[in-house]
Amino acid sequence: MSIKVKSLSKHYGQQKAVDAISFEARPGKILGFLGPNGAGKSTTMKMLTGYLAPTSGDAEICGKSILTENLAVKELIGYLPENTPLYNDMYVREFLSFVGETYHIANLSHRVEDVIKQVGLTPEQHKKIGMLSKGYKQRVGLAQAIIHHPSVLILDEPTSGLDPNQLTDIRALIKDLGAAKTVIISTHIMQEVEAICDEVIIINNGKIVANDTISSLKNQYKSNSLEEIFRKLTG
């Protein structure tokens, strides 16, 4: 099991941003992590990636605890946050080489070349990041998330800012990556979930209100619309 979350909580004073949630995510299955704004999605992702310490509970990434093996966990994860922090004054290749060096990647120049092709950055590879469109910046963010061959990918709004052509390409890439890795995607776009994800978790007010395959949820709620199910559970 690549990700096993056990009674994970994050409190801010009296506010329970994430309230004792438990779930599992497996290799070869893309998990959609859904919820309205403020439901606890990004907070959960930040705890899994080691950016936030939980108030209580734990999670294991490939058998390693986020509490006691934080650095080892970070080596196993590729993370694309919702607002990807990029160095706008660095060139695309320069930035990816910089990220690769932090992971001590062997044959780094070849890996940078491969990942540039993989995410479709070839036409923009010699530009400064600050000169790129939002869509191409998103591709740079995805490239830095996968450059070290992580076992787990956690992607927060990975297709934000992409045009329809770019969207098709990145969806195909995520599905390809999901065949061998454990992938969690957070998005507000229900069509995105239906196109990419195998399983879905819906979180509302810090608690999980659904955890199942898309087809099972549709059967359970007698609906062909994931958006309608989402509204029923979070409205």
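Heads up: the structure comes first, above all this text.
Quick notes on the rules
- Residues numbered from 1 in each chain as written.
- Predicted model: local features only at pLDDT ≥ 70, side-chain atom pairs only at ≥ 80, totals over all residues.
- Heavy atoms only, no water.
- Helix = DSSP H or I, 4+ residues; strand = E, 2+ residues; numbered from the N terminus.
- Rg over C-alpha atoms; globule rule 2.2 N^0.38 Å.
- Buried < 20%, exposed > 50% of the residue type's maximum accessible area, 1.4 Å probe, protein only.
- Pairing = 2+ DSSP bridges.
- Axes fitted to C-alpha atoms, helices over the stretch in contact; angles between N-to-C directions.
- Contact = heavy atoms within 4.5 Å.
- Phe/Tyr/Trp six-rings, centres within 6.5 Å; stacked < 30°, edge-to-face > 60°.
- Lys NZ or Arg CZ within 6 Å of the ring centre and 35° of its normal.

Notes on the overall build of the protein
Moving on, step 1. Helix and strand content of the protein: nine helices and ten strands.
Moving on, step 2. Taking 235 residues into account, the globule formula puts the C-alpha radius of gyration at 18 Å, and the protein, at 18 Å, falls close to it.
Moving on, step 3. Taken along the three principal axes of its C-alpha coordinates, the protein extends 50 × 40 × 30 Å.
Moving on, step 4. Going through the 235 residues of the protein one by one, you find that 50% of them count as buried.

Points about the sheet that holds strand β5 (residues 64–65)
Moving on, step 1. Spatially, the four strands line up as an open sheet ordered β2-β1-β4-β5, and their pairing is antiparallel. Here the strands that pair on one side only, and so sit at the sheet edges, are β2 (15–25) and β5.
Moving on, step 2. Sheet topology note: the strand β1 (residues 3–12)/strand β4 (residues 56–61) ladder contains five bridges and is antiparallel. Considered in β4, the bridge of Lys6 is made with Asp58.

Quick notes on the pairing of strand β3 (residues 30–34)
Moving on, step 1. Within β3, five of the five residues are buried, which leaves it mostly tucked inside the rest of the structure.
Moving on, step 2. In β3, alternate side chains face the same way, and those of Ile30, Gly32 and Leu34 on one face and Leu31 and Phe33 on the other are all buried.
Moving on, step 3. Looking at chain direction, β3 and strand β8 (residues 182–186) are connected through four bridges and run parallel. Within the sheet, the bridge partner assigned to Phe33 lies in β8 and is Ser186.
Moving on, step 4. With four bridges connecting them, β3 and strand β9 (residues 199–204) associate as parallel partners. Pairing of Leu34 across the sheet is with Ile202, part of β9.

Some thoughts on the sheet that holds β9
Moving on, step 1. Strands sit in the order β6-β7-β8-β3-β9-β10 across an open sheet of six strands; the sheet is mixed. Each of the sheet's edge strands pairs with one partner strand only, and the pair in question is β6 (77–80) and β10 (207–213). On average, adjacent strands in this sheet sit at an angle of 15° to one another, irrespective of strand direction.
Moving on, step 2. Each of β6 and β7 (152–156) touches helix α5 (residues 134–146); the most contacted strand, β6, lies at about 165° to it.

Some remarks on the packing of aromatic side chains
Moving on, step 1. As enumerated under the stated definition, the model contains four aromatic pairs in all.
Moving on, step 2. Considering the side-chain rings of Phe23 and Phe33, the 5.7 Å spacing of their centres and the 35° angle between planes classify their relative orientation as tilted. Of the two residues, Phe23 sits in strand β2 while Phe33 sits in strand β3, which places them ten residues apart along the sequence.
Moving on, step 3. Of the residues examined, Phe23 reaches a relative accessible area of 4% and is grouped as buried.
Moving on, step 4. Take Phe33: its relative accessible area is 2%, and that puts it in the buried class.
Moving on, step 5. Taken together, the aromatic side chains of Tyr87, Phe95 and Phe98 make up a single cluster linked through ring pairs.
Moving on, step 6. Over the ring of Tyr51 we find Lys74; its NZ or CZ atom is 5.8 Å from the centre of that ring.

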